[in-house]
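Examining the three-dimensional arrangement
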There are 2 protein chains.
Amino acid sequence: MDSTSTGTAPNASPPPGRRRGGAAGTKGVPRAEREEQILAAALEEFGRHGHASASMAAIAGRVGVTKPMLYAYFDSKDGLYLACLEHIATRVIAAIDEAMAGGPAAPAGEQLPHAVLTGLFTALEDRRHAWFVLYDRTLAPGSELRLAAQRHRGAIDGLAASGTAALLSGHGNEDPLDADALKHVWTGTVSSLMGWWIAHPELSTEDMSARCARLLTAIRTA
Amino acid sequence: MDSTSTGTAPNASPPPGRRRGGAAGTKGVPRAEREEQILAAALEEFGRHGHASASMAAIAGRVGVTKPMLYAYFDSKDGLYLACLEHIATRVIAAIDEAMAGGPAAPAGEQLPHAVLTGLFTALEDRRHAWFVLYDRTLAPGSELRLAAQRHRGAIDGLAASGTAALLSGHGNEDPLDADALKHVWTGTVSSLMGWWIAHPELSTEDMSARCARLLTAIRTA
DNA sequence: GCGATATAACCTTTCGGTAATTTACCGCTT
DNA sequence: AAGCGGTAAATTACCGAAAGGTTATATCGC
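Values in this document were obtained by computation on a predicted structure and should not be read as measured data.

1. What about the UniProt feature "DNA-binding region" (unreviewed entry) in chain A?
Cross-referencing UniProt, the feature "DNA-binding region" (unreviewed entry) maps to residues 55-74 of chain A in the present numbering. Taken end to end, residues 55-74 of chain A has its terminal C-alpha atoms 14 Å apart, with 75% of it in helix and 0% in strand.

2. Some remarks on the relation of the copies chain B and chain A
With an RMSD of 0.0 Å, the operation that places chain B on chain A is a rotation of 180 degrees combined with a shift of 0.0 Å along the axis. Accordingly, the operation relating the two chain copies is best matched by a two-fold axis. If distances are taken from each C-alpha of chain B to the rotation axis, the shortest is found for Arg220(B), at 2.2 Å. Looking at chain B, 100% of its interface residues are interface residues in chain A too, so the copies touch through the same face.

3. Comments concerning the nonpolar core
Among the nonpolar cores identified, the biggest contains 59 residues, and Phe46(A), Leu80(A), Val92(A) and Trp131(A) are the most heavily contacted of them. The leading source of residues in this core is helix α4 (residues 77-101) of chain A, at 11 residues. Shared between two domains, this core takes at least three residues from each, and those domains are domain 1 (1-11 + 28-74) and domain 2 (78-220) of chain A. If you look at the next biggest cluster of nonpolar residues, it comprises 58 residues, including Ala54(B), Val92(B), Ala130(B) and Leu203(B).

4. Comments concerning the interface of chain B and chain A
At the interface, 42 residues of chain B touch 42 residues of chain A. Note on chain B versus chain A: buried area summed over both sides is about 3600 Å², and carbon and sulfur give 63% of it. Contact with chain A buries surface across chain B, with Arg137(B), Trp196(B) and Leu215(B) losing the most and accounting together for 16% of the total. Our count for the contact surface shared by chain B and chain A stands at eight salt bridges.

5. A look at the packing of aromatic side chains
Any aromatic ring pair is given by two values, namely how distant the centres are and how the planes are angled relative to each other. Tallied over the full model, the rule gives six aromatic pairs over all chains. Look at Phe121(B) and Trp197(B): their rings are 5.3 Å apart centre to centre, the planes differ by 70 degrees, and that puts the pair in the edge-to-face class. Separated by 76 residues along the polypeptide, Phe121(B) in helix α5 (residues 112-124) and Trp197(B) in helix α7 (residues 176-199) bring together distant segments of the chain. For Trp197(B), a relative accessible area of 0% gives the class buried. Measuring from centroid to centroid gives 5.0 Å for Trp131(B) and Tyr135(B), while their planes differ by 20 degrees, and the two rings are stacked. One exposure class covers both Trp131(B) and Tyr135(B), and it is buried. One residue, Arg137(A), lies across the ring of Phe132(B), its end atom 3.5 Å from the ring centre.

About the thresholds
Residues numbered from 1 in each chain as written. Chains lettered and ligands numbered in written order. Predicted model: local features only at pLDDT ≥ 70, side-chain atom pairs only at ≥ 80, totals over all residues. Heavy atoms only, no water. UniProt positions renumbered as here; feature names shortened; annotations may be inferred. Helix = DSSP H or I, 4+ residues; strand = E, 2+ residues; numbered from the N terminus. Least-squares fit on C-alpha atoms with pLDDT ≥ 70 in both. Contact = heavy atoms within 4.5 Å. Core = buried A, V, L, I, M, F, W, Y, C linked by side-chain atoms within 4.5 Å. Buried < 20%, exposed > 50% of the residue type's maximum accessible area, 1.4 Å probe, protein only. Domains from an automatic or database assignment. Buried area = accessible area lost by both parts, 1.4 Å probe. Salt bridge = Lys/Arg side-chain N within 4 Å of Asp/Glu carboxyl O. Phe/Tyr/Trp six-rings, centres within 6.5 Å; stacked < 30°, edge-to-face > 60°. Lys NZ or Arg CZ within 6 Å of the ring centre and 35° of its normal.

Written out as structure tokens, the structure is:
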């Protein structure tokens, strides 16, 4: 056995039993299903270790498959990373959109941050590491990857822009750089909380939501 | 020429002129001076790209020497990284200590965060990337490096502990986990601001300090 | 010449990526 | 019902480049 191709499935489900709903002339796991599995494993590995430190063999091993499968479904390591970016960005933006539109009543300006946080915690509960795929500082400076990550972060920042600008202009501050910096601090705060949650896996989404409510009020009325 | 040993100095100072204050029987640059140069270059490279993506050859090339020099002064890549951790942690802790002890008058609780930020901006003005050596998320989970980084971050957190705990208990909140999370958010905020400053190299330390003052008041009286 | 500084050239491992081959399921024909 | 070929899914075994690390050698000031 090649040492770069990790051994038999440590994680895969179908060792003896066989398929149910595949297309004509097929064995193994159907394409769409495998694609999801690979994407989930890649999000975990890339989020945990960063692009450079994550290895294709490790991702394959997590799925219970060998490397060539990854290249059959996604063209390259960078291609897989791009797919991860798209996936997590879509998920994050959907969560924020939903939180801002607010189910029954749209949250007012003051409690909007808490609604967004709760939405993100809910959406990423089982994928906490994936958040950091968007915020990997180790991507090569000129690379397509970094540009793509920047683009997606920009889309997310756009949703935060109205909130931060409103907060500042409420204090007579119209400096666009101030608003930009505050956006950056806000997404950084989300990163901090996600990182802290990873270090405390036993805490539920509800616990995190309540905790953030306490922290936000404490900070605001300092 | 070996492609892994980068060519002649793209950055080093002494092409023609020779030394002045070296020890007995020496050519080139004296040991202590080279050590500083290497450390500075390593802080920059590690901070920019992370541990995994930074290469020893690139660090050597930045100094204007070849790889074996790095191994002569520091034993290994990890050894060099550990030295970087010590260096930047010492610098950061000194800056925070000084800001908290406050020159003429110790800053009150409310403006302490701003004093700390200003101290950090001043201390890291010419080494902005170095901050991220302490906060590299891509370090291997079980490694000595990650433990060392955690240890140093813990020392820094210790300085923030009194402030965050005081803020929360002022609101009747004595939950130790809340205090821990708030510490994490605080250091994350510093990271965010340092990252934003890197993206805006033209801004002075004073500008950043004033900007943060504005942001802090805006946040607090939301 | 002696010792400190420095380098060229090399070794080894890891990892992204690929070509050739195999396995197993399906439907169609006999 | 038995067999047969087609096709999707998957694996084994390999290549080449990049990077960490080492050895043996050269240079320069005292």
